[in-house]
Amino acid sequence: MKESKQNIILVPLTDVSDESKLKILNIRNEEGVKKWMYTNHTIDLNEHLEWIDRLKDDTTQIVFVIFDDKNEALGSVSVKAVDRFHKKTDWAFYLTKNSRGGLGAAIEYAFIDFVFNRLDMLKLNCEVIEGNYPVVKFHQKFLFKEEGFSQSNIIKDDQRLGIHFLGLKKEDWILNKEKVYGKYKKVLEKFNISINWNQSLE
């Protein structure tokens, strides 16, 4: 008997309920999430809500909440530094500690496609803090190439750490996405990802 897919939906953070906004705050403050953020202080409610409020008028970034089919918030995925002229953007995502099992791979594949096809970007970039080598390797599985390493670039827990810079060109994605899908088909087919976005970047 064929296993049914898990439905996952991405909704802009500015459009979700107060309860879901609070859940995202809790996830942002999980140790496993903030460990790999540029800052790792505990984010309070006011700071969180002010950040969400600023998103409403910020045309350079879009933050989505990742929901399962029970409407439970599982994490967030976002683009920032959206550059319409040069058609490039940065991205990142995180999941709550209880949501793994291949979901990260499904989010990565679907969101790369979203950025290149629906946002019409030509280059997608991301940054990974030194020491988080599994994530560097994870992105490389989805065709990202390491384009540089900036030594001693940030202060984290009283240490200076470097940053890995990774990038992916649309042309490389279009040429090789089917190979990626074939390689990770069993995992990717466990999920049906939909993204609520009908706005324009103009």
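For the structure itself, consult the block above.
Residues numbered from 1 in each chain as written. Predicted model: local features only at pLDDT ≥ 70, side-chain atom pairs only at ≥ 80, totals over all residues. Heavy atoms only, no water.

Visitor: Which residues make up the sheet that holds strand 5 (residues 123-129), and what values do they have?
Guide: Across the sheet, 8 strands lie side by side as 6-7-5-4-3-2-1-8; this open sheet has mixed pairing. Of all strands in the sheet, those bounded by a partner on one side alone are strand 6 (145-156) and strand 8 (191-195). With strand direction ignored, the average angle separating the axes of adjacent strands in the sheet is 25°. With 4 bridges connecting them, strand 1 (residues 6-12) and strand 2 (residues 62-67) associate as antiparallel partners. Following the sheet pairing, P12 is matched in strand 2 by F64. (Pairing = 2+ DSSP bridges. Helix = DSSP H or I, 4+ residues; strand = E, 2+ residues; numbered from the N terminus. Axes fitted to C-alpha atoms, helices over the stretch in contact; angles between N-to-C directions.)

Visitor: I'd like a rundown of the packing of aromatic side chains, residues and numbers included.
Guide: According to the stated counting rule, one finds 11 aromatic pairs in the structure shown. Judged by centre distance (5.5 Å) and plane angle (65°), the ring pair of Y109 and Y181 falls under edge-to-face. In this pair, Y109 sits in helix 4 (residues 103-118) while Y181 sits in helix 6 (residues 170-183), placing the two residues 72 residues apart along the sequence. On the accessibility criterion, Y109 (11% relative accessible area) is buried. Here the aromatic rings of F138 and F142 are separated by 5.4 Å at their centres, their planes lie at 50°, and the arrangement is tilted. Residue class for F138 comes out partly exposed when judged on its relative accessible area of 24%. Using a relative accessible area of 1% as the deciding quantity, one classes F142 as buried. (Phe/Tyr/Trp six-rings, centres within 6.5 Å; stacked < 30°, edge-to-face > 60°. Buried < 20%, exposed > 50% of the residue type's maximum accessible area, 1.4 Å probe, protein only.)

Visitor: Could you give an account of unusual backbone geometry, naming the residues involved and the relevant values?
Guide: At N71, a residue that is not glycine, the phi angle is positive and equals roughly 65°. Among the structural elements, N71 can be located in the loop between strand 2 and strand 3 (73-83). Residue classification places N71 among the exposed residues on the basis of a relative accessible area of 55%. Unusually for a residue other than glycine, D157 sits at a positive phi of about 50°. Note that D157 resides in the loop between strand 6 and strand 7 (159-169). By relative accessible area, D157 is classed as exposed at 51%.

Visitor: Which residues make up the nonpolar core, and what values go with them?
Guide: One finds L10, F64, F111 and V115 to be the most contacted residues of the largest nonpolar core, which totals 38 residues. Broken down by element, the residue count for this core peaks at 10 residues, all from helix 4. With near-sequence residues (within four places) excluded, L10 lies in contact with F64, V65, I66, V77, I107, F111, I193, S194, I195 and N196. Counting residues in hydrophobic clusters, the runner-up holds 14 residues, among them L13, I24, I27 and V65. (Core = buried A, V, L, I, M, F, W, Y, C linked by side-chain atoms within 4.5 Å. Contact = heavy atoms within 4.5 Å.)

Visitor: With reference to specific residues and values, describe helix 3 (residues 45-55).
Guide: Along helix 3, the residues classified as buried are H48, W51, I52 and L55. Down the axis of helix 3, the sector holding all buried residues measures 95°, keeping them to one side. Of the exposed residues in helix 3, the ones pointing more than 90 degrees away from its buried face are N46 and R54. (Arc of directions from axis to C-beta.)

Visitor: I'd like a description of the environment of T39, backed by residues and values.
Guide: Checked against the element boundaries, T39 lands in the loop between helix 2 (31-34) and helix 3. Owing to a relative accessible area of 49%, T39 belongs among the partly exposed residues under this scheme. Linking T39 and E72, residues 33 residues apart in sequence, is a C-alpha distance of 26 Å. The contacts of T39, once residues within four sequence positions are left out, are K34 and K156.

Fair warning: the whole summary comes from geometry, so function is off the table for now.
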